[in-house]
Structure formats: C-alpha cells, structure tokens
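Coordinate inspection notes
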Amino acid sequence: MNAKPIEITAKELLGNPNYQAICYGGYRKNTREIEPTIAEIKEDLKILAALNIKIVRTYNVHFKEVSNLLEAITQLKKEESNFEMYVMLGAWIDCKNAWTDLEPIHNQESDRNAIEIAEAVRLTNAYPEIIKIIAVGNEAMVKWATSYYVSPNIILKWVNHLQDLKKQNKLSNQVWITSSDDFASWGGGDTSYHTKDLEDLIKAVDYISMHTYPYHNTHYNPDFWQTSSNENHFDELQKVETAMVRVQLFAQKQFENVKAYVHSIIPNKPIHIGETGWASSSDGHYGVHGSKASDEYKQALYYQSMRAWTNKENITCFYFEAFDEPWKDSHNKNGSENHFGIFTVDGKAKFALWNSVDKKIFSNLKRNGNKIEKTYSGDKELLMKSILAPPKKG
C-alpha cells in the first residue's frame, strides 16, 4: 500500500510542474443534455492521470457533470490509495439578459449568478480534499464575449464575497479565488481595460488566471503568423515550424504583458495560464480556406512547446483541452471548437500524444470501449499530408 498523499493546497499546486493541469469536459455527444456518467468520467480521469495530469478545470456548476466528476474522483481515491486529482471549479457568470432575445445589459448581472456562486461554495465545502480553486466567471469580462460579458465590478463583488466567506470560516482559507479571463481582461492588451475596478480585482484575487490564444489570432491578428518573403526558400515544413516558434513567442508576450500590468499594481502577484489551446481541424477561419492553422502536427508543436516553457518557468498551464467535445459547435461537426482536444471523442490520441502511446502508458485504458490508439492509425506520412504552411503576407 502506498502512503496516502498529504493534504495539498492551491498555493502548493500552482506553479509546481509535478502537478500538470488541463481543462476538462466529458461530454461525448453533440448536446450537453446527455451528461457524462460517473463511470465514463472515471475512464477519462485514469487516462489523464496516466499523463501525470493532477488538476482539472471545470466551467460551471449548473450541469450534473461537475457533481459526477467529484464523485468519480472520490471513488477513484477509494479504489486506489495513491490516486490524486484536484479541481479548479468554475462558477459561470453572466450579465442581465444573457443568452436571451433581449439586449444584454453588461453592467447588471443575471439573477443566476448568486445561485451559481452558492452552489460552488456548497461543493467546495463538501469536497475540500478535491476542490482547491474557485474561478468566478470564464471569459466573463472580455468585450468580444458580446452575449454575456459583465463589467469587472460584478466579478469583483463575487470575489470579495468568497474572500469574506474565507474570513468567516464558511469556506476554507486555503481555497484560492480567481477569475479566468482573456489576457486583455487582465490588462495585457487594450488600455481601455485599465480601470480602477480591474486594479481592485487584481488586489482581491489570490492569483491571476489568464488566457492566451495565438490560434485565434492567426485569423484576427495574422501578422505574426503569415510567412514573409525571406522565407520563400523554405519548404512547407520549415515554414510551419518557423511559424510555430513565432506562435510560442506570441503566447509568451501576452503572458509578459499581463505580468507587467499586474505587477505594476501588486508586485509578485502569482500569474498562471487558465486556458490556451490549438484546434486540430477547422472548416472555417482557421482551415484550408482561412489561416491554415489547424492540423494535428501544429497542435502537437504547440502543446509540447507550451508544456516545456510553462514547466521551466513554474507556470501552471491549464491546457485546453483534454477530449474533443462535439457539443461546442453542434451544428457543424468540422467547426474548430469541436477539435481542441488532445484526444478524439472515441479516445484516439492525437499526434501530440503519439510518444505517450509508444511508451504504453495507456495500455489497459479505454474510452467508450475503445483502446487508446494513435490517430491516422499511427501513419505519420499520412498525417503530414494534411499540413499546410501559413499564408504569405500581403
């Protein structure tokens, strides 16, 4: 029998490369009305644990998925005394009239927010060995989230509420509170976000959870992505690999920009990456007729370079995401939102994880009854045929 792991806190988890992190959704169908079962989630957690992932991030508490996840972790800990998995629990925050036919009112909030926060507190108190972080909102302040974003004072209100509960011993004072949002929302981009409320929020959270998506910028801000004339003599693969180095630097720059702003307000405030990822397929902006960013080879380069950089710098990176989730763009199965996983829905390991398959770390594991095998039947030559270099500038 292995000794039971000692109680560990968010402060010790974050920034520790021995505790790899990932964003998790277990939905297997193209609707969230079909929830993943406890048995299905246990399958997923065993697969993730084989990759040394020990922290999973969730997004809301109003679906049964989260309670099933917490129960799945509890069962696995009973079944295997050395099983370790922790949760960054997301509480979804919306503005008034979000997701309705009415005009969203961004400086007022949805009545549901209070219910969401109360349930997050209840779950955190019910599973203190598992839930170590509460994130108030997901991309809830960034202004391109036009259907639901809120002004920072609304996030601040709930962060302060949770911090007050800690002071009143109604929530463990070891639980860390944050909001997980785009780099711009944390002051790393447009100065219109630099407000007194944001400064107060930076002071109120225990750490900053920022998102960076070079992938989406291959379409929206493509300068860094496109190939220049001095690369004309490169072959396609050299163009791809050179572009992916620029991609990595782009992500690092967004992180550094957030750090510069945050540390101008509170030096040494911890900053980690709450979300970053790369889709392996797209029929839209990022596909063959768009930025040509989407394939498993580029996804693998991004996954590996982000893991290497964040591990070296002691930054926790919640990579987006574990498994493809077909509900994300339910009307278009080829939409990029459905293809951010490092595993397919049926449990195939994408190119980023082929080495892990070779090491046989998944040998007794299955998803939906399928063994964990390589995509493309392991045929790298076939995979490489899908790769396109970025478009030329101009």
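As annotated in an unreviewed UniProt entry, the protein chain is Endo-1,3-beta-glucanase btgC from Flavobacterium cheniae. Recorded in UniProt under Function (unreviewed entry), the annotation for the protein chain is "Glucanases play a role in cell expansion during growth, in cell-cell fusion during mating, and in spore release during sporulation. This enzyme may be involved in beta-glucan degradation. Active on laminarin and lichenan." For the record of the protein chain, the UniProt heading Subcellular location (unreviewed entry) holds the text "Cell membrane".

1. A look at the pattern of salt bridges
A full pass over the atoms with the stated rule returns 20 salt bridges. Put simply, E231 and R246 hold a salt bridge, and the shortest N to O gap is 3.2 Å. Placement of E231 in the loop between α7 (214–220) and α8 (236–265) and of R246 in helix α8 is noted, with a sequence separation of 15 residues between them. When its relative accessible area of 21% is taken as the criterion, R246 is described as partly exposed.

2. Considerations on helix α4 (residues 112–126)
For α4, spanning 15 residues, the distance from its first C-alpha to its last is 21 Å, which sits close to the expected 21 Å at 1.5 Å a residue. For α4, the complete set of buried residues consists of N113, E116, I117, A120, V121, L123 and T124. Projected down its long axis, α4 carries its buried residues within an arc of 165°, all on one side. Buried residues in α4 make contact with α3 (64–79), β3 (86–91), β5 (105–109), β6 (131–138) and α5 (152–167).

3. Re the side chain of K269
Following the sequence through the fold, K269 ends up in the loop between α8 and β9 (271–277). Put simply, K269 is tucked away with no salt bridge, and the nearest opposite charge, on D206, sits 6.3 Å away. In this structure the side chain of K269 is engaged in a polar contact, spanning 3.5 Å, whose partner is the backbone oxygen of K203. Setting aside anything within four residues of it in sequence, one finds K269 in contact with I202, K203, V205, D206, Y207, I208, V262 and H263.

4. Some remarks on unusual backbone geometry
Most peptide bonds are trans, and most residues other than glycine sit at a negative phi. Following F320, the chain continues into E321 via a peptide bond in cis, with omega recorded as 5°. With respect to the element layout, E321 can be found in the loop between β10 (317–320) and α10 (354–358). For S377, which is not glycine, the phi dihedral falls at a positive 50°. As for its placement among the helices and strands, S377 is situated in the loop between β12 (370–371) and α11 (380–384). Residue class for S377 comes out exposed when judged on its relative accessible area of 75%.

5. Here we look at the packing of aromatic side chains
With the rule as written, the count across this model stands at 23 aromatic pairs. Both rings, one in W92 and one in Y148, keep their centres 5.3 Å apart while their planes meet at 35°; by these two values the pair is tilted. Of this pair, W92 sits in the loop between β3 and β4 (95–96) while Y148 sits in the loop between β6 and α5, and the two are 56 residues apart along the sequence. With 5.3 Å between their ring centres and 40° between their planes, W278 and Y302 make a pair best called tilted. Placement of W278 in the loop between β9 and α9 (296–312) and of Y302 in helix α9 is noted, with a sequence separation of 24 residues between them. Judged by relative accessible area, Y302 falls into the buried class, the value being 1%.

The rules behind the values
- In this numbering scheme, every chain counts its residues from 1 along its sequence in written order.
- This being a predicted model, a pLDDT of at least 70 is required before a residue's local features are given, and a value of 80 or more before pairs of side-chain atoms are given or counted; all residues contribute to the totals for chains, interfaces and linings.
- To get the side-chain values, all heavy atoms of the structure are used, and hydrogens and water are removed first.
- UniProt positions are given in the numbering used here, feature names are shortened, and annotations may be inferred rather than shown by experiment.
- Note on definitions: salt bridges are taken to be side-chain nitrogens of Lys or Arg within 4 Å of carboxyl oxygens of Asp or Glu.
- Segments assigned H or I by DSSP are reported as helices when at least four residues long, segments assigned E as strands when at least two residues long, and all are numbered from the N terminus.
- Each residue is assigned to one of three classes by its accessible area relative to the maximum for its type, calculated with a 1.4 Å probe on protein chains only: buried under 20%, partly exposed between the two thresholds, exposed over 50%.
- Multiply 1.5 Å by the residue count of a helix minus one, and that product is the helix's expected span.
- In this description, the arc belongs to the directions extending from the helix axis to the C-beta atoms.
- Contact definition: two residues touch when any of their heavy atoms are within 4.5 Å.
- Charged residues are defined narrowly, with Lys and Arg counted positive, Asp and Glu counted negative, and His plus the chain ends left uncounted.
- For the purposes of these results, a polar contact is taken to be a pair of N or O atoms within 3.5 Å, where, inside protein, one atom must be able to donate a hydrogen and its partner to accept one; residues adjacent in sequence count only when each atom of the pair is a side-chain atom.
- A pair of aromatic rings is counted whenever rings of Phe, Tyr or Trp (Trp by its six-membered ring) have centres within 6.5 Å, and the orientation is called stacked for planes under 30 degrees apart, edge-to-face for over 60 and tilted otherwise.

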